[in-house]
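The lines below spell out each chain.
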Amino acid sequence: MNKATLYGVGIGPGDPELITLRALRILERCPVIAVPETPRGGTLALDILSQVVTLRDKRVVHLPFAMTRDREAMARCHQAAVRQLCQLLSEGGDVAVPNLGDVSIYATFGYLIEPVQQAGYPVQLIPGVPSFCAVAAALGISLTEANQPLHLLPGGGEGLQDALRLPGTKVLMKSGRQLPAVKAALQEAGVAGRAMFVQNCGLPDERIGWSADAMSDDLGYFTTIVVKG
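Okay, so let's go over this structure. As the structure is a computational prediction, the values presented were derived from the model and not from experiment.

Criteria and cut-off values
Residues numbered from 1 in each chain as written. Predicted model: local features only at pLDDT ≥ 70, side-chain atom pairs only at ≥ 80, totals over all residues. Heavy atoms only, no water. Helix = DSSP H or I, 4+ residues; strand = E, 2+ residues; numbered from the N terminus. Rg over C-alpha atoms; globule rule 2.2 N^0.38 Å. Buried < 20%, exposed > 50% of the residue type's maximum accessible area, 1.4 Å probe, protein only. Contact = heavy atoms within 4.5 Å. Areas by Shrake-Rupley, 256 points an atom, 1.4 Å probe, with all protein chains shown as cover. Lys, Arg positive; Asp, Glu negative; His and termini not counted. Charge placed at Lys NZ, Arg CZ, Asp CG, Glu CD. Pairing = 2+ DSSP bridges. Axes fitted to C-alpha atoms, helices over the stretch in contact; angles between N-to-C directions. 1 Å grid on protein atoms, 1.4 Å probe; cavity = no way out; pocket = protein on both sides within 12 Å on 5 of 7 lines; lining within 4 Å. Points joined across faces, edges and corners; volume = space filled by probe spheres on them. Nonpolar A, V, L, I, M, F, W, Y, C, P; charged D, E, K, R; others polar.

### Re the overall build of the protein
Tallying secondary structure elements over the protein gives 7 helices and 10 strands in all. At 19 Å, the protein has a C-alpha radius of gyration in line with the 17 Å of a compact globule built from 229 residues. Counting only C-alpha atoms and orienting by the principal axes, one finds that the protein spans roughly 60 × 35 × 35 Å. The proportion of buried residues among the 229 residues of the protein is 48%. A separation of at least 24 residues holds for 68% of the contacts in the protein among residues at least 6 apart in sequence. Looking at the protein as shown, the accessible area adds up to about 11400 Å², and 50% of this sits on carbon and sulfur atoms. Charged side chains in the protein number 20 positive and 21 negative. The centres of these two groups are separated by 4 Å.

This is the structure we're talking about:
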């Protein structure tokens, strides 16, 4: 007997026009949309999705996700999401989980793939426009030149100061929450003047800055920093 499939669908960084045709087809076809939800009730992926997909005939389920660095709390959250998804899949309908950006890059969905597969359900990943590519477009820059490398880093991660001294372009993902530490690392590495950023790329409140001096403490979670050279 064929089993229902879980789809992780990348929907791009914010602009609904960046949702791919394949992602749109999967989202329109799946009877169930399971949307990650923050502790404050935020469902940004659903807000973006609702602009291009008719949801009135679909079952929309919210998956609570903790915004924390506590590994045990995160593990419990992921386990609860897996149980909820497996229950939905057991009812026979395909389930789509929309993710901002690309579904394979620092994506919530990455924590769900293996446990759902181990439960016996097929999982497919639908790629999306990565946020850092949209950020580069918003800044009007190329991320790579000739043989120079591109480094993708978590904002505020361990060893950030050393990583900022690597050759090539450095991209710091989701930097807003740890901005003081990130700004300090930029200053210590001597690259603060080359640190461009985009907050909420593709969303109505998108904000662009061209140096670390323009990074105010109220920059949000979805802030991407690009350091060239």
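Having seen the model, we can carry on.
### Comments concerning the sheet that holds strand E6 (residues 150–154)
Strand order in the open sheet formed by 5 strands is E6-E7-E10-E8-E9, with mixed pairing between adjacent strands. Each edge of the open sheet is held by one strand with a lone partner, namely E6 and strand E9 (207–209). Direction aside, neighbouring strands of the sheet carry axes that sit 15° apart on average. In this sheet, strand E7 (residues 169–173) lies alongside E6 in parallel orientation, the contact comprising 5 bridges. Pairing of Leu-153 across the sheet is with Leu-172, part of E7.

### With respect to unusual backbone geometry
Residues apart from glycine generally show negative phi values, whereas peptide bonds are mostly found in trans. Of note in this structure, Lys-174 is not a glycine but carries a positive phi near 50°. Along the chain, the position of Lys-174 falls in the loop between E7 and helix H7 (179–188). Its identity as a non-glycine residue notwithstanding, Asn-200 has a phi of 55°, on the positive side. Here Asn-200 shows up in the loop between strand E8 (195–199) and E9.

### With respect to the layout of surface pockets
In this structure, the second largest pocket occupies an estimated 150 Å³ of space. Along its surface, the second largest pocket is lined by Leu-44, Asn-200, Leu-203, Asp-205, Gly-220, Tyr-221 and Phe-222. When grouped by side-chain class, the residues that make up the lining of the second largest pocket number 4 nonpolar, 2 polar and 1 charged.

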